[in-house]
Structure formats: structure tokens, C-alpha cells
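# Fold and geometry: a report
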Amino acid sequence: MAGHSKWHNIQHRKGAQDAKRSKEFAKLSKEIMVAAVNGDEIESNASLRAAIAKARAKSMPKKNIESAIKKGSGNSDISNFKEYSYGANVNGVSLLIKCLSDNANRVAAQIQFYVNKQNGQVSSTSSVSYIFDFKGLLELSSEGLDEDDIIMKSLEAGAEDFVSKDGIFSITTEPSKFMNIKDNLEKEGFTEWKTAEVTYIPNIFSTLSKEKIEKFFNFLDKIEDDDDVQEVFHNLNPEIAF
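The paragraphs below set out a description of the structure included in this document. (Residues numbered from 1 in each chain as written. Predicted model: local features only at pLDDT ≥ 70, side-chain atom pairs only at ≥ 80, totals over all residues. Heavy atoms only, no water.)

A separate point is helix 4 (residues 62-72). All buried positions along helix 4 are accounted for by I65, A68, I69 and G72. Looking straight down helix 4, one finds that the buried residues subtend no more than 100° of arc, so they occupy a single side. Set apart from the buried face of helix 4 by more than 90 degrees, the exposed residues are K63, K70 and K71. Once helix 4 ends, the next one or two residues include G74, with phi positive near 70°. (Buried < 20%, exposed > 50% of the residue type's maximum accessible area, 1.4 Å probe, protein only. Helix = DSSP H or I, 4+ residues; strand = E, 2+ residues; numbered from the N terminus. Arc of directions from axis to C-beta.)

Here it is in C-alpha cells:
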């Protein structure tokens, strides 16, 4: 595990952070609403539990979470939303683009438009899947915590790996064990998550010249701003990106 995640990139991203936060909350709400269509009982709905855990880790207000659950529960319009995934390559950087939309043609055309503008190529997810590991990821600040203690408790809970880097403890898990490990660690008093989600972590990294980095992140800003796009994962090496 490289110890890098989307969270680290977000912290360094330039731009209007308040606007990005509002947009992020809107996307998290949509994810919760779609999960809640299959039932608003959190304990029995694994997808809903995971969506809520992710939202809480990103400091989404409780009232927003409750509102999203209520809007999604039994909502036939929300049930029209489907997940769509795309692979892409822009200037040698691989991307995995996850979408949630009620219009397959629209989302496909939009992804093609964004990537074509960068002279990139859209492909199937299978073309980039080997570049990313699908893992549960829990991250929290190391401040005030005993590293040996949390390492021991993480491994005892069934964690796959543990990395300490730049003031952050990163714990990776198998996706199927993620919620159980999170629950067990919370019983031990570890609750202030900066990241708590099943996500895609790059295992191979690409680099860009300084001249291309700003252009690449401008492209990311635009594609992530699209209402149909939920998340964009990429393998640009964060060690040299900023």
C-alpha cells in the first residue's frame, strides 16, 4: 500500500474550496439516496452504511445525511440512477471515472467530451483496472495517538496493511472486511476518520511535467464538477504533483 489516497490530493488542490465542498456534499447525498432506495434500515443495508460512513468521514452534517436517506427511501425516480464506469488516459495518466446517472447516453457523451478536449482516450475500465487496487481505506490524523497501539489494534481487527506518513495513519482492508474493521476500531475509540470508504488506490504511478500538472488538475476540476460524475481516481504521483 503506497499510503496515498484521493484525500491527500484534495487537501492540496487549488480553487474555491467552499464551492468544492458543497458540490462534494451533493454527490455524497446522491450516493446515499440511491443506496436508501433499497431500504432505509442502516444496519441491514450494507450499501447505505458504507455511503453514510463515507459522508461522515468527509464531515457532512448529520441533517444532510438524514435528509438524503429520507429522499431516497422508496423513491422510484431515484431508482432510475445507475452506476457507470469508464477508463481513460490523459497525457499518460490513467483515470478511473465513476458515474451515477439516470441517462446513459448523456453521461457517455460528457465523459468523451472532457477527455477528447485533453487529446486523451476513453476506454473500458478493464484497460486501467490493473493500475488500481480496490480496497477499504481508513485514515485518521496521527496527532495524539500511539502508533504501536493503533497498529496492533488494526491488525487484530483484521486490517491488511498500515502506513504512517505525513501525520496520517492509513489502514487498508479487504473490501468485504471494511465495515467490520471500522466498527471494531471505533469500539476501541478510533472515530475521527478523515477517510472511511471502499475506494481505488493506485499501485502504479505516472508523472507529469510541471507545465502539464496545472492543466491536468484544471481538467479534473471540470470533470469532477459534472453532476453525473461521482468520483475520479487517477495515478498521478502525489509526491511530485505539488
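Picking up where we left off.
A word on the pairing of strand 1 (residues 82-90). As paired strands, strand 1 and strand 2 (residues 93-101) are joined by nine bridges and run antiparallel to one another. What sits directly across from Y84, in strand 2, is C99. What sits between strand 1 and strand 2 in their antiparallel hairpin is a turn of two residues, with N91 showing a positive phi close to 55°. Of the strand pairs in this sheet, strand 1 and strand 3 (residues 121-123) are connected by three bridges, and their pairing is antiparallel. Paired with A88 across the two strands is V122, which belongs to strand 3. (Pairing = 2+ DSSP bridges.)

Another aspect to go through is the pattern of salt bridges. Two side chains of opposite charge can pair, provided their charged atoms sit close to one another. Summed over all chains, the structure comprises 13 salt bridges. Put simply, K153 and D149 hold a salt bridge, and the shortest N to O gap is 3.3 Å. Placement of both K153 and D149 in helix 6 (residues 147-157) is noted, with a separation of four residues, approximately one turn of the helix. The exposure class assigned to K153 is buried, which follows from its relative accessible area of 19%. One network of salt bridges, with partners in common, ties together E24, K58 and E197. (Salt bridge = Lys/Arg side-chain N within 4 Å of Asp/Glu carboxyl O.)

The subject of this paragraph is the nonpolar core. In terms of nonpolar packing, the biggest core is built from 21 residues, with L95, I97, I111, F216, F219, L220 and I223 touching the most fellow members. Where this core is concerned, the elements lending two or more residues are strand 1, strand 2, helix 5 (104-117), helix 8 (210-225) and strand 8 (229-234). When residues in this core are grouped by element, the largest group, six residues, is from helix 8. Grouped together as the second largest cluster of nonpolar side chains are 18 residues, L28, A36, I69 and L100 included. (Core = buried A, V, L, I, M, F, W, Y, C linked by side-chain atoms within 4.5 Å.)

Read across the sheet, four strands follow the order 3-1-2-8 without closing on themselves; strand pairing throughout is antiparallel. Edge positions in the sheet fall to strand 3 and strand 8, since each has one partner strand and no second. Strand after strand, the sheet turns through a mean of 25° between neighbouring axes, direction not considered. Examined bridge by bridge, strand 2 and strand 8 share five bridges and lie antiparallel to one another. Counterpart to C99 in the pairing with strand 8 is V229. (Axes fitted to C-alpha atoms, helices over the stretch in contact; angles between N-to-C directions.)

Once that is clear, we can look at the environment of E197. You can see E197 is positioned in strand 7 (residues 193-202). Each C-alpha atom of the pair E197 and G120 lies 29 Å from the other, and the pair is 77 residues apart in sequence. Once residues lying within four places of it in the same chain are set aside, the contact partners of E197 are K54, K58, K135, G136, L137, F178 and E231. (Contact = heavy atoms within 4.5 Å.)

Running from N to C, helix 5 and helix 8 cross one another at 170°; their axes reach a closest spacing of 10 Å. Here helix 8 runs roughly antiparallel to helix 5, going by the angle between their axes. Residue-level contacts link I111, Y114 and V115 of helix 5 to F219, K222 and I223 of helix 8. For the contact of helix 5 with helix 8, the residue count by class is five nonpolar, no polar and one charged. (Parallel < 35°, antiparallel > 145°, perpendicular 65-115°, else oblique. Nonpolar A, V, L, I, M, F, W, Y, C, P; charged D, E, K, R; others polar.)

Relative to the assigned elements, A35 resides in helix 2 (residues 17-36). When its relative accessible area of 8% is taken as the criterion, A35 is described as buried. Each C-alpha atom, one on A35 and one on S73, is 8.4 Å from the other, the two residues being 38 residues apart in sequence.

Shape descriptors only; they carry no functional weight alone.
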